[in-house]
Amino acid sequence: MEHKNYKAFPNNFLWGSASAAYQIEGAWEQDGKGPSVWDTYTKQEGTTYKGTNGDVAVDHYNRYKEDVKLMAEMGLKAYRFSIAWSRIFPEGSGEINEAGLQFYDDLVDELIKNNIEPLITVYHWDVPQALMDKYGAWESREIIEDFDLYCQTLFNRYGDRVKYWVTLNEQNIFVGLGYRSGVHPPGVKDLKRMYEANHIANLANAKVIQSFRKIVKDGKIGPSFAYSPVYPYNSDPKNILAAENAEEFNSHWWMDIYVWGKYPEATWNYLEDNGLAPTIEDGDMSLLADAKPDFMGLNYYQTTTVEFNPLDGVGEAKMNTSGKKGSSQDSGVPGLFKTITNPFLGTTDWDWTIDPRGLRIALRRIANRYQLPVLITENGLGAFDDLEADDSINDDYRIDFLETHVEEIQGAISDGVDVLGYCTWSFTDLLSWLNGYQKRYGFVYVDRDEEGPKDLRRLKKKSYFWYQAVIKANGLVNRK
Ligand code: NOJ
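The paragraphs below set out a description of the structure included in this document. (Residues numbered from 1 in each chain as written. Predicted model: local features only at pLDDT ≥ 70, side-chain atom pairs only at ≥ 80, totals over all residues. Heavy atoms only, no water.)

**Quick look at the pattern of salt bridges**
Logical step 1: Tallied over the full model, the rule gives 40 salt bridges.
Logical step 2: Measuring nitrogen to oxygen at the nearest pair gives 2.8 Å for the salt bridge that ties Arg161 to Asp109. Within this pair, whereas Arg161 is found in the loop between helix H7 (142–158) and strand E4 (164–169), its partner Asp109 is found in helix H5 (residues 98–113), the two being separated by 52 residues in sequence.
Logical step 3: Using a relative accessible area of 22% as the deciding quantity, one classes Arg161 as partly exposed.
Logical step 4: The class for Asp109 is partly exposed, based on a relative accessible area of 38%.
Logical step 5: Residue Lys238 is joined to Asp236 by a salt bridge in which the shortest nitrogen-to-oxygen separation is 3.3 Å.
Logical step 6: Taking relative accessible area as the criterion, Asp236 reaches 30% and is therefore assigned partly exposed.
Logical step 7: Connected through shared salt-bridge partners, Glu98, Asp105, Asp109, Arg157, Asp160 and Arg161 make up one network. (Salt bridge = Lys/Arg side-chain N within 4 Å of Asp/Glu carboxyl O. Helix = DSSP H or I, 4+ residues; strand = E, 2+ residues; numbered from the N terminus. Buried < 20%, exposed > 50% of the residue type's maximum accessible area, 1.4 Å probe, protein only.)

In structure tokens form, the structure reads like this:
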């Protein structure tokens, strides 16, 4: 849709930025924290780029005041961060670690003191190792009670000051990479186990939304979903159907459950035919239907283009975790779809498509299908940055990326989508799970690399000043 003039961003628009505990905090065993699955997984040979882990990360745990000061100076309106479950319950349940609760109390207070709205993610992939050892974490229904207890503890402790809450971050990614491709913990390749674990995660998500309603009466809660809108390669009907398959299989499978408590039909049938459908017990579907979120959190990075894939076609393929452009391969689900290069789009060094308009399409599709406001919980560019001799970082490519995405958000708002805010990924540089430290996303450069933490100095990149100006103007400067 073309507009003569775009609508302005709402006055209370949350210009924010985001992070996750394991990727920034470090202090992996400080002050009584227990290990999470990521603490153990990254220490197994060959799991991550150059063996990197989050033991120190960017040491945010010990430097959070310095980081919040940089946020305040930028004028940031909102900061989305996650809580490490095993800092609160080192064993996953049972005894509470007060020092862990206190750390996030201090962080929340520091943010509020600086007029920054805290947005808490309760789960960003770091399930306590103790629960993995005890019952296989997401593979057991026992986790529903433990997760609920953990979340209730957080709602009770921070709910007076924190009004925006995110439940599960990218459930599709943590189960997909954990149990389909086996490159995230627990490193399993078993589709049946994946769909069972995913169903249990859905139940846990619903349960904590119900608890939230009782404890934080004036708050808003929703999942953050990794949505990659699917395009058909061309107008050949067999490719259109492949795109329908992919959209349902990759995204509706999760978002329909979050909002309607229903699994989409075609995918359900496909899974049943292949012996992969999850076990549904009495009461499951009513729990799922009774836990509607207040918003859809959207993690948007790229779109996916697909074409027809025969029953004997391609399946899983290699991911690019090295930053060598072109090293990833097309992948698919035989009989449903396969990915193909979109000739209209450029890519990052990690082979992610760059598609700002895709963000507008994502916002439009979510708003239309689910009739919910959307909170953009992540969006950003992973790139190599150069630290110049004068300590400057001239990341014009990141500014271009973010600017074109912000423009499309404004387009979506003008189309009528209720967008609550925009959290870029990320504020400081951080550990990129499998890709080490060289894939940088931040406005603030952190002087460390795969070889070691160096001095962990914080340096403002050029994009820091760009976002500062955008926030001040409540929108793009010099644009319509
Ligand atoms: C989404 C994840 O939530 C985040 O943890 C990750 O670093 C970014 N994607 C970039 O890959």
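**Some thoughts on the site of the ligand**
Logical step 1: Taken together, the residues surrounding the ligand are Gln23, His124, Trp125, Asn169, Glu170, Asn299, Tyr301, Trp352, Glu378, Trp425, Trp433 and Tyr441.
Logical step 2: At 2.8 Å, a side-chain N or O of His124 approaches an oxygen atom of the ligand.
Logical step 3: For the ligand, the accessible surface in isolation is 300 Å², of which the surrounding protein chains cover 94%.
Logical step 4: The residue inventory of the shell around the ligand, partitioned by class, reads six nonpolar, four polar and two charged. (Near = heavy atom within 4 Å. Polar contact = N/O pair within 3.5 Å; in protein donor to acceptor, adjacent residues only side chain to side chain. Areas by Shrake-Rupley, 256 points an atom, 1.4 Å probe, with all protein chains shown as cover. Nonpolar A, V, L, I, M, F, W, Y, C, P; charged D, E, K, R; others polar.)

**Things to note about helix H8 (residues 171–180)**
Logical step 1: The buried fraction of H8 is high, at nine of 10 residues.
Logical step 2: What H8 keeps buried is the set Gln171, Asn172, Phe174, Val175, Gly176, Leu177, Gly178, Tyr179 and Arg180.
Logical step 3: At the exit of H8 stands Gly182, carrying a positive phi of roughly 70 degrees.

**A closer look at the side chain of Asp59**
Logical step 1: Along the chain, the position of Asp59 falls in the loop between helix H2 (37–41) and helix H3 (60–74).
Logical step 2: Taking relative accessible area as the criterion, Asp59 reaches 12% and is therefore assigned buried.
Logical step 3: Within the structure, Asp59 has its side chain in polar contact with the side chain of Asn62 (distance 2.8 Å).
Logical step 4: A distance of 3.0 Å separates a polar atom in the side chain of Asp59 from a polar atom in the side chain of Arg63.
Logical step 5: Not counting residues up to four positions away in its chain, the partners in contact with Asp59 are Ile24, Glu25, Leu456 and Arg458. (Contact = heavy atoms within 4.5 Å.)

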